[in-house]
Structures are given as C-alpha cells and as structure tokens.
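# Close look at the chain arrangement
Residue-level listing of the chains:
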Amino acid sequence: MVKGKSSSSSRWLQRQFKDPLVKQSKLDDYRARSAYKLIEIDNKYNFLKRKSAIVDLGACPGAWSQVASQRIGTSQLSNDELVTWNHGMVLAVDKEVMRGLPGVFVIDRADITSSETLKRIYSFLSQRKVDAVISDMAPNATGMHKLDHERIMELANTAFQVAQNCLKTNGTFLCKIFQGSLLNGFKHELKTSFESVQEIRCQSTRKESTEMYLLAQQYKED
Ligand SMILES: C[S@@+](CC[C@H](N)C(=O)[O-])C[C@H]1O[C@@H](n2cnc3c(N)ncnc32)[C@H](O)[C@@H]1O
C-alpha cells in the first residue's frame with residue numbers, strides 16, 4: 001500500500017472508532033451511520049410515507065434502504081406481498097455487490113452511468129412511477145476538492161435523469177452533493193422541474209466535509 005493511503009486508512013479507522021453515531025448504528029442494527037442523515041431529513045420533511053415507492057441510488061451497504069423500508073412499511077412483508085407494490089416498494093441500486101435486505105429489491109454491480117444499468121432499472125419499474133428517488137451516491141474521494149465536486153455533480157445529474165424518467169407528479173428527489181462551483185447551475189435546473197428546492201446540511205455530517213443534500217419536492221411533469 002502507498003504511504004499516503006495507509007495513513008488515510010488509519011485516520012479513517014480512528015475516526016470510525018471514536019464516532020458515537022458509528023456505535024449507535026451498530027446498536028440500532030443499521031449498516032452505516034448514514035442512516036441518521038436520512039432519518040434527520042425525513043423527520044423534518046416527511047416524504048418517506050407509508051406504502052410509497054422509492055428508488056435508492058448508491059444504496060450500498062444499505063442503511064438508507066433500511067430506513068426507507070422501515071418507514072414505508074415493506075421491511076416486514078412476504079415476497080408475495082412485495083411483488084405487488086401494494087404496500088410500497090424500495091429498489092436499491094449500487095455499483096458494488098450489496099447484501100440483500102428484507103423488504104428491498106436490489107440491483108447491484110450496476111454503475112448508474114452505464115446505459116445497461118438504466119435499462120435494468122426501467123425494466124424493473126416497467127412503466128410504473130415512483131414517489132421518490134433518493135441518491136447518496138458519491139465517487140471515491142481523491143482529496144482534490146474540485147475533481148471530487150465535478151465527479152459527484154456528474155452522479156447527481158445522472159440521478160436527476162433517473163428521477164425525470166420515473167417520478168410521479170409531486171414526487172421527491174433527494175441527492176448528495178459536495179459544495180462547489182457547479183452547485184448553483186444544478187439547483188437552477190432542478191428548479192425548472194420541481195416546485196421547491198432546498199439545501200440541507202445534516203447535523204451528522206462531519207464538520208470538515210463539504211457534503212450537502214439537495215431536496216427537490218413537488219415534481220412537475222413536462
Ligand atoms: C456514501 S455510500 C452510500 C451509503 C448508503 N446510502 C447507505 O446508507 O448505506 C455511496 C455509494 O455510492 C455508490 N456509487 C458511487 N458511484 C456509483 C455509480 N456510478 N453507480 C452506482 N453506485 C455508485 C458507491 O458504490 C457507494 O456504495
């Protein structure tokens with residue numbers, strides 16, 4: 001391993017070890033501390049309603065999908081009930097291998113920037129529209145702020161395309177970004193498709209991070 005990488009891994013391990021939310025996530029049986037970000041946002045804006053249908057992009061290891069399936073009510077359903085979507089639906093998509101979760105459909109090893117992945121998502125939905133598209137996708141950090149910003153904005157743009165293809169009228173789009181020069185242009189684009197667009201900084205986001213979420217609500221279909 002190169003020297004820089006090994007010291008950043010050990011910094012990461014030390015931070016994980018001390019982080020109270022990492023400990024809490026183990027107690028609450030969430031796969032990652034990111035669960036608390038979605039909980040915080042949904043406690044305020046309440047868009048993960050019972051029986052709704054959700055697409056979760058960049059879902060691995062699965063904490064957001066766990067929160068979504070608990071709030072929507074799919075986590076306790078049998079497979080027969082799940083396939084009908086009558087009681088809600090959560091679809092998790094990630095480029096990595098993702099362990100299955102109760103009440104969650106998984107499309108993994110699926111890079112969202114490839115047309116093959118988009119085909120798999122749309123074929124799974126088969127013309128049905130969803131209530132929310134949520135994206136916590138992030139590129140592997142290089143530590144070069146401008147590059148990381150540009151890469152996450154590409155992912156956010158792709159997530160927005162997915163949202164435009166599959167959201168119901170009045171649906172919700174939530175996506176992670178890192179602050180930077182492309183933010184205002186992206187917000188401007190979202191405002192043409194949604195009634196409201198808000199910037200959210202979660203309490204559980206680490207102080208040194210430029211991470212933010214954009215919450216776009218009330219999708220206006222073209
Ligand atoms: C911060 S993690 C998501 C954590 C997740 N929300 C949770 O609560 O467990 C970001 C995820 O985005 C995924 N990702 C990054 N680029 C992607 C891409 N091009 N296509 C699909 N997933 C991607 C990564 O594999 C990673 O699992």
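Conventions and cut-offs
- Residues numbered from 1 in each chain as written.
- Predicted model: local features only at pLDDT ≥ 70, side-chain atom pairs only at ≥ 80, totals over all residues.
- Heavy atoms only, no water.
- 1 Å grid on protein atoms, 1.4 Å probe; cavity = no way out; pocket = protein on both sides within 12 Å on 5 of 7 lines; lining within 4 Å.
- Points joined across faces, edges and corners; volume = space filled by probe spheres on them.
- Helix = DSSP H or I, 4+ residues; strand = E, 2+ residues; numbered from the N terminus.
- Nonpolar A, V, L, I, M, F, W, Y, C, P; charged D, E, K, R; others polar.
- Contact = heavy atoms within 4.5 Å.
- Pairing = 2+ DSSP bridges.
- Axes fitted to C-alpha atoms, helices over the stretch in contact; angles between N-to-C directions.
- Near = heavy atom within 4 Å.
- Polar contact = N/O pair within 3.5 Å; in protein donor to acceptor, adjacent residues only side chain to side chain.
- Areas by Shrake-Rupley, 256 points an atom, 1.4 Å probe, with all protein chains shown as cover.
- UniProt positions renumbered as here; feature names shortened; annotations may be inferred.
- Buried < 20%, exposed > 50% of the residue type's maximum accessible area, 1.4 Å probe, protein only.
- Lys, Arg positive; Asp, Glu negative; His and termini not counted.
- Salt bridge = Lys/Arg side-chain N within 4 Å of Asp/Glu carboxyl O.
- Phe/Tyr/Trp six-rings, centres within 6.5 Å; stacked < 30°, edge-to-face > 60°.
- Lys NZ or Arg CZ within 6 Å of the ring centre and 35° of its normal.

Attention shifts here to the layout of surface pockets. Left-over empty space is what a probe sized like a water molecule reveals as it rolls over the atoms. The computed volume of the second largest pocket comes to approximately 160 Å³. In terms of lining residues, the second largest pocket is bounded by Tyr-45, Asn-46, Phe-47, Lys-49, Ser-52, Asp-131, Asn-170, Gly-171, Thr-172, Gln-217 and Gln-218. Mapped by element, the contributors of at least two residues to the lining of the second largest pocket are strand S5 (167–178) and strand S7 (211–219). For the lining of the second largest pocket, the per-class residue count stands at two nonpolar, seven polar and two charged.

What follows concerns the environment of Thr-205. Take Thr-205: it is sitting in the loop between strand S6 (194–200) and S7. Residues Thr-205 and Tyr-36, 169 residues apart in the sequence, show an inter-C-alpha distance of 9.5 Å. Leaving out residues up to four positions away in the same chain, Thr-205 has contacts with Lys-37 and Glu-211.

In this section: the sheet that holds strand S1 (residues 53–57). In space, the seven strands of this open sheet follow the order S3-S2-S1-S4-S5-S7-S6, with mixed pairing throughout. Of all strands in the sheet, those with a lone pairing partner are strand S3 (105–107) and S6, marking the two edges. When strand polarity is set aside, the average angle formed by the axes of neighbouring strands in this sheet is 15°. Across the sheet, helix H6 (residues 115–125) touches S1, strand S2 (89–93), S3 and strand S4 (130–135), and the angle it forms with S2 is around 170°.

So, about the site of the ligand. In the neighbourhood of the ligand, 19 residues make up the surrounding shell, with Ser-34, Asp-94, Asp-111, Ile-112 and Asp-136 lying closest. A distance of 3.3 Å separates an oxygen atom of the ligand from a polar atom in the backbone of Pro-61. Here a nitrogen atom of the ligand sits 2.9 Å away from a polar atom, N or O, in the main chain of Ile-112. The fraction of the free accessible surface of the ligand (600 Å²) that becomes covered by protein chains is 87%. Taken together, the residues of the shell around the ligand sort by class into ten nonpolar, three polar and six charged.

With that out of the way, let us pick up the UniProt feature "domain: Ribosomal RNA methyltransferase FtsJ" (unreviewed entry) in the protein. Feature annotation in UniProt places "domain: Ribosomal RNA methyltransferase FtsJ" (unreviewed entry) on residues 30–219, given in this structure's numbering. With 37% helix and 25% strand, residues 30–219 has end C-alpha atoms that lie 30 Å from one another.

Tracing the backbone through its elements, the reader meets Asp-56 in strand S1. Buried and unpaired, Asp-56 has Arg-31 as its nearest opposite-charge partner, separated by 9.7 Å. One polar contact links Asp-56 to Ser-65, side chain to side chain, over a distance of 2.7 Å. Excluding anything up to four places from it in sequence, Asp-56 contacts Trp-64, Ser-65, Leu-91, Ala-92, Val-93 and Ile-134.

Before going further, it helps to spend a moment on the packing of aromatic side chains. Tallied over the entire structure, the rule returns nine aromatic pairs. Relative to Tyr-219, the ring of Phe-194 has its centre 5.2 Å away and its plane inclined at 50°; by these criteria the two rings are tilted. Within this pair, whereas Phe-194 is found in strand S6, its partner Tyr-219 is found in strand S7, the two being separated by 25 residues in sequence. Judged by its relative accessible area of 1%, Phe-194 is buried. Sitting over the face of the ring of Trp-85, Arg-128 holds its NZ or CZ atom 3.9 Å from the ring centroid.

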